[in-house]
Amino acid sequence: MNKIIVAIDGYSSCGKSTIAKALAKYAGYTYVDTGAMYRAIGLYTLRHRLSEPAEIIAALPDIKVGFILVDGAQHVTLNGEDVESQIRTLEAGNQASRISQIKEVRAFLVAQQQAMGIEKGIVMDGRDIGTVVFPNAELKLFLTASPEVRAQRRYDELVAKGEKPDFDEVLKDVTDRDYRDTHRAESPLRQADDAIVVDNSHMTPDEQMEVIYGYFNRFK
Ligand code: DC
């Protein structure tokens, strides 16, 4: 089977990265979490207290985002520092959503993402993978689930990390982020015309992977 590019897009807390990781393992492909790249830049701007687009754009040449493997798991690096746990907070996620609205930030990361796919054999997840990064990807999946189901998943994750979230706040965060991601001027989240929609609101993790492996195996 020739290697293909799998583009996975969808709303936040849809399980995109879990699905993308599982599919990459199944296929023997490289997994790339593009949200982590936006989060790393978001973290940099929080640390350096940069809020104006012009100052964020001016800082881009000083920002190097990369990935390393730690015990088989992919961790994102910011200027060589493993920042995997620091980027997984609500604050860093919201900042990622904000800085991802800046055209120059997107161009900076999209170029790196396209370079990662040159040899194919890649599963990349994000918001604009099937529309902008790899419009010619062979397999495009668009994941969705109801905001309540996604908020519950995020809530459970935060509780598992020892945090004490308020469900209504988590739900508001999910709907606010959906709004920003779908209404921004630059590459808003939208389903590519040729993407397959997978609504996993009522699927178990195993059921959803069966469906997704089925789509992938069409390329065998
Ligand atoms: O998938 P995530 O929650 O880790 O993404 C964090 C933010 O980054 C998300 O709110 C929007 C932005 N993002 C983006 O604009 N384009 C991508 N390809 C991936 C993420």
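One can find the structure itself at the top, above this paragraph.
Procedures and definitions
- Position labels on residues start from 1 in each chain and follow its written sequence.
- Per-residue local features are limited, in this predicted model, to residues with pLDDT of at least 70; the limit for side-chain atom pairs, both in listing and counting, is 80 or more; totals at the level of whole chains, interfaces and linings are taken over all residues.
- Values shown for side chains rest on all heavy atoms present in the structure; no hydrogens or waters enter the calculation.
- Strands are labelled as partners when DSSP assigns at least two bridges between them.
- Secondary structure elements follow DSSP: runs of H or I no shorter than four residues count as helices, runs of E no shorter than two count as strands, and numbering proceeds from the N terminus.
- Fitting a line to C-alpha atoms yields each axis, with helices limited to the stretch in contact; the angle taken between N-to-C directions then spans 0 to 180 degrees.
- In this analysis, two residues are considered to be in contact whenever any of their non-hydrogen atoms come within 4.5 Å of each other.
- Grid points spaced at 1 Å over the protein atoms alone were grouped into cavities, where a 1.4 Å probe fits but cannot get out, and pockets, open sets with protein on both sides within 12 Å along at least five of seven lines, with lining residues defined by an atom within 4 Å of a point.
- Grid points are joined across faces, edges and corners, and a volume is the space filled by probe spheres set on the points.
- Residues are grouped as follows: nonpolar covers Ala, Val, Leu, Ile, Met, Phe, Trp, Tyr, Cys and Pro; charged covers Asp, Glu, Lys and Arg; every other residue, Gly included, is treated as polar.
- Each helix crossing is assigned a hand: it is left-handed if the near helix lies turned anticlockwise from the far helix by less than a right angle, otherwise right-handed if that turn is clockwise.
- Helix span, as expected, comes to 1.5 Å for every residue beyond the first.
- Under the scheme applied here, a residue whose accessible area is under 20% of the maximum for its type counts as buried, over 50% as exposed, and between as partly exposed, the area being computed with a 1.4 Å probe on protein chains only.
- For this analysis, a polar contact is any N or O atom pair within 3.5 Å, provided that within protein one partner can donate a hydrogen and the other can accept it, and provided that sequence-adjacent residues contribute only side-chain to side-chain pairs.
- Throughout, the term roughly parallel applies to angles under 35 degrees, roughly antiparallel to angles over 145, roughly perpendicular to angles from 65 to 115, and oblique to all others.

J.: Got a minute to help me understand the sheet that holds strand β6 (residues 122-126) in this structure?
T.: Consider a sheet: its strands pair through backbone hydrogen bonds, and that pairing is either parallel or antiparallel. Ordered in space as β2-β6-β1-β7-β8, the five strands form an open sheet in which the pairing is parallel. The strands lining the two open edges of the sheet, one partner per strand, are β2 (30-33) and β8 (196-199). Each strand of the sheet is rotated relative to its neighbour by a mean of 20 degrees, with strand direction disregarded. Alignment of strand β1 (residues 5-10) against strand β7 (residues 139-144), held across five bridges, turns out to be parallel. Looking at the pairing, Asp-9 lines up with Phe-142 of β7. Contacts between helix α1 (residues 16-27) and the sheet are confined to β1, β2, β6 and β7, with β6 contributing the most and set at about 180 degrees to the helix. Of the strands in this sheet, β2 and β6 are in contact with helix α2 (residues 34-47), which crosses β2 at around 40 degrees.

J.: Looking at this structure, I do not really get the layout of surface pockets. What am I missing?
T.: Empty space among the atoms can be located by rolling a probe the size of a water molecule over them. For the largest pocket, the calculated volume is near 1,200 Å³. Lining the largest pocket are 49 residues, with Ser-13, Ser-17, Arg-39, Arg-88 and Glu-157 positioned closest to its centre. Taken together, the residues of the lining of the largest pocket sort by class into 15 nonpolar, 17 polar and 17 charged. What lines the second largest pocket is Lys-21, Ala-24, Lys-25, Tyr-29, Tyr-31, Gly-72, Ala-73 and Gln-74. Taken together, the elements giving at least two residues each to the lining of the second largest pocket come down to α1 and β4 (73-78). Broken down by element, the lining of the second largest pocket gets its largest block of residues, three residues, from α1.

J.: Is there a simple way to explain the packing of α2 against helix α5 (residues 103-116) in this structure?
T.: Packed helix pairs are characterised by how far apart their axes lie and by the angle those axes make with each other. Two numbers describe how α2 lies on α5: the axes approach to 11 Å, and their chain directions differ by 140 degrees. When you trace α2 past α5, the crossing you get is right-handed. Here Thr-34, Met-37, Tyr-38 and Ile-41 of α2 lie close against α5, whose contacting residues are Val-105, Arg-106, Phe-108, Leu-109, Val-110, Gln-112, Gln-113 and Met-116. Per-class residue counts for the contact of α2 with α5 are eight nonpolar, three polar and one charged.

J.: Is there a simple way to think about α2 in this case?
T.: One turn of an α-helix holds 3.6 residues; hence residues three or four places apart share an orientation. A rise of 1.5 Å per residue sets the reference length of α2, with its 14 residues, at 20 Å; its end C-alpha atoms lie 20 Å apart and thus fit the reference within 8%. Of all 14 residues in α2, 11 are buried; the element is thus mostly enclosed. Looking at where α2 begins, the residue whose side-chain oxygen comes 3.1 Å from the main-chain nitrogen of Gly-35 is Asp-33. Looking at the residues trailing α2, positive phi occurs at Arg-49, about 50 degrees.

J.: Before we go on, may I ask you to explain the packing of helix α7 (residues 147-160) against helix α8 (residues 167-183) in this structure?
T.: Running from N to C, α7 and α8 point in directions that differ by 120 degrees, and their axes come no closer than 9 Å. In terms of orientation, α7 and α8 fall into the oblique class. Between α7 and α8 the crossing geometry is right-handed. Where α7 approaches α8, its residues Pro-147, Glu-148, Arg-150, Ala-151, Gln-152, Arg-154, Tyr-155 and Leu-158 are matched on the opposing element by Phe-167, Val-170, Leu-171, Asp-173, Val-174, Thr-175, Arg-177 and Asp-178. Residues belonging to the contact of α7 with α8 are distributed by class as follows: eight nonpolar, two polar and six charged.

J.: How should the pairing of β7 be read in this particular structure?
T.: Within a regular beta strand, the side chains point alternately toward one face of the sheet and then the other, so they alternate between its two faces. Of all six residues in β7, six are buried; the element is thus mostly enclosed. Here β7 shows two buried faces, one formed by Leu-139, Leu-141 and Leu-143 and the other by Lys-140, Phe-142 and Thr-144. With four bridges joining them, β7 and β8 adopt parallel strand pairing. Residue pairing for β8: Leu-141 is matched across the bridge by Ile-196.

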